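# Understanding the architecture of this molecule
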Protein chains: 2
Amino acid sequence: MAPVAPGGTIGILGGGQLGRMLAMAAAELGFKCHIYCPDTEVPAADVAAALTRAPYEDAAALAAFADGVDVVTYEFENVPAETARILAEHAPVRPGPQALATAQDRLTEKNFLAAQGIATAPFADVASAADLDAALAQIGTPAILKTRRLGYDGKGQAKIGRAEEAAAAWDAIGRMPAILEGFVPFEREISVVVARGIDGETAAYDPVENIHKDHILDRTYAPAALDAALADAARAIAARIVSALDYVGVMGVEMFLLPAGATPRLVVNEIAPRVHNSGHWTMDACAVSQFEQHIRAICGWPLGHPDRHADAVMTNLIGDAAGQWAVLAAEPGAKLHLYGKAQARAGRKMGHVNRLFPLGTRPPVT
Amino acid sequence: MAPVAPGGTIGILGGGQLGRMLAMAAAELGFKCHIYCPDTEVPAADVAAALTRAPYEDAAALAAFADGVDVVTYEFENVPAETARILAEHAPVRPGPQALATAQDRLTEKNFLAAQGIATAPFADVASAADLDAALAQIGTPAILKTRRLGYDGKGQAKIGRAEEAAAAWDAIGRMPAILEGFVPFEREISVVVARGIDGETAAYDPVENIHKDHILDRTYAPAALDAALADAARAIAARIVSALDYVGVMGVEMFLLPAGATPRLVVNEIAPRVHNSGHWTMDACAVSQFEQHIRAICGWPLGHPDRHADAVMTNLIGDAAGQWAVLAAEPGAKLHLYGKAQARAGRKMGHVNRLFPLGTRPPVT
């Protein structure tokens, strides 16, 4: 398949910060971007050549949009299957439908990983209150009940500390199709941002360690403090996942690291078929950021080298934290990224800051 | 004066690659950009929130544009004085009118530099053929006749090797108000990209060496191979210029380096009151690029540190050279920047590539 040449147009579903950073990376390579988004406020549109504001269910708008672009990608995994199907009749959609279908449904995702021989938390399908009782009997407590679809940043989840809490948890998630996940006694949360090109080539950035607050990513430490064998194993798991899905683009793979002595040490928590918050450090610490890497992949270009030229700590600016811009702007070595969002609501990702350190000198995780 | 806060809008006159890279740097800091440009093709508009396509003489369009932005800047020095005056009634224009007036006219510029005690080539005002003869008698040959206004990339210039060529040179530049510049027996051409903030703080990137082809910048080597005293002297000259002009923003200062033993060693060739092609290497080799630095300055933010984290060689992609994108995309460590221009005409700047090298290891100038 011929690559998309500079001057071509990339269609992006979703107009938030990920779409915005994808659009800027695409522009650096000479592409135009067309954003498709139903929202009133569309930060990505401020750096894109065109915007279609329409619902994801508007078949005519989708067709017109896809007819005008060379390739379609997306910034979020919950693209409706029918939306993807309509678009695919008019332009290549990358990553493809298999990746979307797999990542949109926690049960499908877990089954896919298990079929690849990749370790996950113990899990069971929960379609009813009776299923939940059976699943708890099998998996034990503590456990987490999660909706199969549309969960993110801790939404659609309920922790079950004791079996008696089952009914409340089932109510809390709205009695939706769900899975029960067993508790993984992890030591740290790490992730790997991996890319796969159209030719099957893969390239993974160094594994990083992630610290969450209130179920939202707060900080990423790059690289994670892992011995070389474990870091290689993490990269290999990520590469195996994108290869098995015949994936094209960048994917975030979240993993649990278990304490020394556990077998296996690495358990995959979840995959995100898109650029990933835990890859934002690559914007300033790598020659090719995850955003450029994604654009390269979906356009059929060779992947960039994922080498780091610095250590980095990425801190999300959530809600009011973005009000600290003046302090951050004055901090030597702090690289500020703001998303152009008007309202700093609680829990809303407003920007991030990357702090760089010479290789091998990043501060310890706190 | 209060700084422009994130969410504010920056007006940019001119829609070429410099405006485009300014707009992307502004977006990274959470600003919106509004481009004002009369051209049909406006690469900067593809990464900006708004575009006004109107002539620079359209007072109503200028007023409406400036009313909607928090600060106005520009990507080129030939903004008409009347345009700047109209805009300044509605919004701060940075850099200010004094810098524009000085840099737009080679005679004013040379007189300004001389008044600051900064060495330039010998020069004389040429308003007529008779003036030219007198100037040649004073300055000698070889010399270069240059129009006072609107020259760039070698346009509006004629070399005079012998006095007999004076009439032809006068015709060649269209008998426009001009200056005659004496020949400077330089060893190398260097430049300094310097910034000055609203509070008077200055910050200069390392001096770089520039190689031109056909009067157009071809390559920039960062840093220039200079001993520390000479590098400091070059930075000091640049800082003196922006301070004397009460300048706000980034300026490119081109200099000739004379051979060892000459006094002075550094002679200023010309100044550009804007981001400068010889500063494009900062996009990948510095924490804060010249584009972000300019946005910081005009918005009243603290300047970023101009430290280099790598050596760099910047190569312009001119005309057909941009057709090499596939080769450049596959070259490890080559950072490709394309400007989204449709037509690769001869002499047209289509993009540039930055090649990075660990500090102290850049290849020699060839």
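As the structure is a computational prediction, the values presented were derived from the model and not from experiment.

This brings us to the environment of Q290(A). Residues and elements named next belong to chain A. Locating Q290 in the fold gives a position in helix α10 (residues 290-298). Accessibility expressed as a C-beta count within 10 Å gives 30 for Q290, which makes it buried. In sequence terms Q290 and G249 are 41 residues apart; their C-alpha atoms lie 9.5 Å from each other. Apart from residues lying up to four places away in sequence, Q290 is in contact with V193, V250, V275, G279 and T282.

Residues and elements named next belong to chain A. Assigned domains within chain A: domain 1 (9-93), domain 2 (122-182) and domain 3 (188-357). At the interface, 20 residues of domain 1 touch 17 residues of domain 3. The set of elements that each furnish at least two residues to the side of domain 1 that touches domain 3 consists of α1 (17-28) and β4 (71-74). The biggest single contributor to the side of domain 1 that touches domain 3 is α1, with eight residues.

Residues and elements named next belong to chain B. Tracing the backbone through its elements, the reader meets I216 in strand β12 (residues 216-222). Given 16 C-beta atoms within 10 Å, I216 falls into the partly exposed group. When the C-alpha positions of I216 and R196 are compared, they lie 27 Å apart, and in sequence the two are 20 residues distant.

Here A222(B) and P223(B) are connected by a cis peptide whose omega angle stands at 0°. Secondary-structure assignment places P223(B) in the loop between β12 and α8 (228-244). A cis amide bond links T263(B) to the next residue, P264(B), at an omega of -5°. When you line up the elements, P264(B) lands in the loop between β13 (249-257) and β14 (266-272). Unusually for a residue other than glycine, H215(A) sits at a positive phi of about 70°.

Here the focus is the packing of α1(A) against α10(A). Residue and element names in this part refer to chain A. Where α1 meets α10, the closest approach of the two axes is 8 Å, and the angle between their N-to-C directions is 65°. What the angle tells us is that α1 and α10 run roughly perpendicular. The way α1 lies across α10 gives a crossing that is right-handed. Taken together, the residues of α10 that come into contact with α1 (itself represented by M21, L22, A25, A26 and E28) are F291, E292, H294 and I295. Residue classes in the contact of α1 with α10 are distributed as six nonpolar, one polar and two charged.

A word on helix α8 (residues 228-244) of chain A. Residues and elements named next belong to chain A. If you check α8, its first and last C-alpha atoms are 24 Å apart, about what 17 residues at 1.5 Å a residue would give, namely 24 Å. Those residues of α8 that sit buried are A234, R235, I237, A238, I241 and V242. All buried residues of α8 fall inside an arc of 150° around its axis, so they share one side. Across α8 from its buried face, at more than 90 degrees, point the exposed residues A228 and A229. The elements touched by buried residues of α8 are β9 (188-196), β10 (202-204), β13 (249-257) and β14 (266-272). Count one or two residues on from α8 and you reach D246, which has phi positive near 50°.

Reading the values: the criteria
- Numbering of residues begins from 1 in every chain and follows the order in which that chain's sequence is written.
- Chains and ligands are labelled sequentially in the order written, the chains with letters from A and the ligands with numbers from 1.
- With the structure being a predicted model, the display of local features is reserved for residues of pLDDT at least 70 and the display and counting of side-chain atom pairs for 80 or more, all residues being used for whole-chain, interface and lining totals.
- The helix and strand labels rest on DSSP assignments: H or I over at least four residues marks a helix, E over at least two residues marks a strand, and numbering proceeds from the N terminus.
- Residues are called buried when their C-beta atom has 20 or more other C-beta atoms within 10 Å, exposed when it has 12 or fewer, and partly exposed otherwise; all C-beta atoms are positioned from the backbone.
- What counts as a contact here is a pair of residues whose C-beta atoms, placed from the backbone, lie within 7 Å.
- Each domain's extent is set by a domain assignment, obtained either automatically or from a database.
- In this analysis, axes come from line fits to C-alpha atoms, helices being fitted only over the stretch in contact, and the angle between any two N-to-C directions falls in the range 0 to 180 degrees.
- Here roughly perpendicular refers to angles of 65 to 115 degrees, roughly parallel to angles under 35, roughly antiparallel to angles over 145, and oblique to all remaining angles.
- Two helices that cross are described as forming a left-handed crossing if the nearer one is turned anticlockwise from the farther one by less than a right angle, and a right-handed crossing if clockwise.
- In the scheme used here, Gly and all other residues not listed as nonpolar or charged are polar, with Ala, Val, Leu, Ile, Met, Phe, Trp, Tyr, Cys and Pro taken as nonpolar and Asp, Glu, Lys and Arg as charged.
- Helix span, expected: 1.5 Å multiplied by one less than the number of residues in the helix.
- Here the arc refers to the set of directions running from the helix axis out to each C-beta atom.

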